[in-house]
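# Observations on the three-dimensional arrangement
So you can see what is in the structure, the chains are spelled out below.
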Amino acid sequence: MTDDKKADLAGPGIGDYAELEKILPQDYNSLLSPKETQIATYAVKDYIEQNLCKELNLIRVTVPLIVDVESGINDYLDRDGSRTPIGFHISNDHNKNPIDAEVVQAATKWKRMALKQFGMDIGEGLLTDMRAVRKDYFLDHDHSAYVDQWDWELAITEEQRNLKFLREVVEKIWKVLKGAETHVQELFPQLKNDKYPDLPDKLTFIHAEEILDRFPNLPRIQRETEIIKEYPAIFIIGIGWVLEDGYPHEMRAADYDDWVTETTSEDGQPMHGLNGDILVWNPVTKRRHELTSMGIRVNKETLKKQLEISGQLDFLKLPYHRAILNDEIPLSIGGGIGQSRTFMLLLKKAHIGEVSATVWPKILKDMCKKKNIYVIE
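As the structure is a computational prediction, the values presented were derived from the model and not from experiment. (Residues numbered from 1 in each chain as written. Predicted model: local features only at pLDDT ≥ 70, side-chain atom pairs only at ≥ 80, totals over all residues. Heavy atoms only, no water.)

## Side note on the sheet that holds strand E2 (residues 66-68)
The strand order across the open sheet built from three strands is E2-E4-E3, with neighbouring strands paired in antiparallel fashion. This sheet does not close on itself; its edge strands, each paired only once, are E2 and strand E3 (87-90). Direction aside, neighbouring strands of the sheet carry axes that sit 35° apart on average. (Pairing = 2+ DSSP bridges. Helix = DSSP H or I, 4+ residues; strand = E, 2+ residues; numbered from the N terminus. Axes fitted to C-alpha atoms, helices over the stretch in contact; angles between N-to-C directions.)

Rendered as structure tokens:
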């Protein structure tokens, strides 16, 4: 059981194509044609972008695909170094003024710096149409090497760094996602289907510690699966802090989300963390389905604490980290909502490749065809 828990901390994906073949649905028929799928995808995309901006007071801004390695601004996703970015050398000016660059894995740190760059005041924020490459994912039904996210960031005050404010923001995001579901079903009524129930109106908020208390012997994904069977849409609070079994719920980078701050559950129990994930039950795949990871960002005190825990205090010399220590960039809350993950869920698709054009191994494409699943090529 210990090895199962350790293996479950990072590196998403099922990890085995024989297992994936068992998981893909046996009786699948898409509710939309390929053409309808494209129209519906962009209807959802437009709705979510417009309404995230409205609910959270955001403006849409440009976002980099590549960043300078020396900036320290790329996202390493986990603190164990298991997922690394694609790097390349730009031999600019005959190598007299070169740049070592990386393809972004997410825009998490860049967004916080951008709040200052674009002159955002408290209560103002930004929304990006982010594209990234994550080469270390196992490519299955809901993980691809190509990543598209609505990455957003909002400037806040020190007084807003609490669970109450976190919950208020999460509920606004859920309102947008539910609204997008209603909107696309009005355009394509066949998506209103008894076989695949709609998302619940409300999220259930639950701490990672509370889930472990319920299922102490299960690794993380199995714990999530069991709790989602009971509550089909949840926000798990406090991802990154080491729990009573000696493991964090899931590995999280030490330099953006705050997972170390002490908090209290609704029944008065001591907890940790000002971040979390929205997960739902996917009735098509009959599996847990993560939609977004988000959180209140570290301040200078919690940044140092988390880097000390992760053994990465050397990061404090990098520009992004110095900007936090020197109060040069705003306190903030932010997150990334998976675009293709959201389209897959709301359009009742069995595979993320039905809504996202990227690369897949032949074994997966052949497996999908046998099950009436056609990925975009």
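## Concerning the packing of aromatic side chains
Scanning all chains against the criterion turns up four aromatic pairs. Ring centres of Trp110 and Phe118 lie 6.3 Å apart, and the angle between their planes is 70°; on these two criteria the pair is classed as edge-to-face. Taking the relative accessible area as the measure of exposure, Phe118 reaches 34% and is therefore partly exposed. Measuring from centroid to centroid gives 5.7 Å for Trp150 and Phe343, while their planes differ by 90°, and the two rings are edge-to-face. Here Phe343 lies in helix H11 (residues 339-346) and Trp150 lies in strand E6 (residues 146-155), a separation of 193 residues in the sequence. Given a relative accessible area of 3%, Phe343 falls into the buried group. (Phe/Tyr/Trp six-rings, centres within 6.5 Å; stacked < 30°, edge-to-face > 60°. Buried < 20%, exposed > 50% of the residue type's maximum accessible area, 1.4 Å probe, protein only.)

## With respect to the packing of helix H3 (residues 34-56) against H11
Interaxial distance between H3 and H11 falls to 10 Å at its minimum, and their mutual angle equals 120°. Between H3 and H11, the angle is such that the two are oblique. Of the two elements, H3 crosses H11, and the hand of that crossing is right-handed. Along its contact with H3, which presents Thr41, Val44, Lys45 and Ile48, the element H11 presents Gln339, Thr342, Phe343 and Leu346. Partitioned by chemical class, the residues of the contact of H3 with H11 number four nonpolar, three polar and one charged. (Parallel < 35°, antiparallel > 145°, perpendicular 65-115°, else oblique. Left-handed = near helix turned anticlockwise from the far one by under 90°. Contact = heavy atoms within 4.5 Å. Nonpolar A, V, L, I, M, F, W, Y, C, P; charged D, E, K, R; others polar.)

## What about the nonpolar core?
Counting 64 residues, the largest nonpolar core has Trp152, Ile173 and Ile333 as its most contacted members. Looking at this core, the element that brings in the most residues is helix H6 (residues 163-187), giving 11 residues. Beyond its immediate sequence surroundings of up to four residues, Ile173 is in contact with Leu52, Leu56, Trp152, Ile278, Met294 and Ile337. (Core = buried A, V, L, I, M, F, W, Y, C linked by side-chain atoms within 4.5 Å.)

## Details of a nonpolar patch on the surface
A cluster of nonpolar side chains, namely Leu65, Ile66 and Phe88, defines an oily patch on the protein surface of about 250 Å² accessible area. Leu65 sits in the partly exposed class, given a relative accessible area of 48%. (Patch = residues over 30% accessible without salt bridge, like charges linked within 9 Å, V, L, I, M, F, W, Y side chains within 5 Å. Areas by Shrake-Rupley, 256 points an atom, 1.4 Å probe, with all protein chains shown as cover. Salt bridge = Lys/Arg side-chain N within 4 Å of Asp/Glu carboxyl O.)

## Comments concerning the environment of Gly335
By the secondary structure assignment, Gly335 is in strand E13 (residues 332-338). A relative accessible area of 3% means that Gly335 is categorised as buried. The residues contacting Gly335, other than those within four sequence positions of it, are Lys111, Trp150, Asp151, Trp152, Glu153, Ser293, Met294 and Arg297.

## Description of helix H12 (residues 362-370)
Within H12 the residues assigned to the buried category are Leu364, Met367 and Cys368. The arc that holds the buried residues of H12, viewed along the axis, is 100°, so those residues lie on one side. Across from the buried face of H12, at angles greater than 90 degrees, the exposed residues are Lys362 and Lys370. In this fold, the buried residues of H12 make contact with helix H2 (17-23). Trailing H12 by a residue or two, Asn372 shows a phi angle of about 65°, which is positive. (Arc of directions from axis to C-beta.)

## Things to note about the sheet that holds E6
Either a parallel or an antiparallel arrangement is found when strands of a sheet pair, and the pairing is made through backbone hydrogen bonds. Ordered by their spatial adjacency, eight strands build an open sheet running E1-E5-E6-E13-E12-E11-E8-E7, and the pairing between neighbours is mixed. Each end of this open sheet is capped by a strand with a single partner; those strands are strand E1 (58-60) and strand E7 (204-207). Strand-to-strand twist in this sheet, taken as the mean axis angle between neighbours without regard to direction, amounts to 25°. Bridge analysis of E7 against strand E8 (residues 233-237) gives four bridges, and the strand direction is parallel. Residue pairing for E8: Thr204 is matched across the bridge by Ile234. Where helix H5 (residues 108-117) meets the sheet, it contacts strand E5 (125-133), E6 and E13, and its direction lies at approximately 35° from that of E6. Lying on the sheet, H11 is in contact with E5, E6, strand E11 (275-282), strand E12 (287-296) and E13; it crosses E12 at an angle near 140°.

## A word on unusual backbone geometry
For Asp93, which is not glycine, the phi dihedral falls at a positive 55°. Here Asp93 shows up in helix H4 (residues 92-95).

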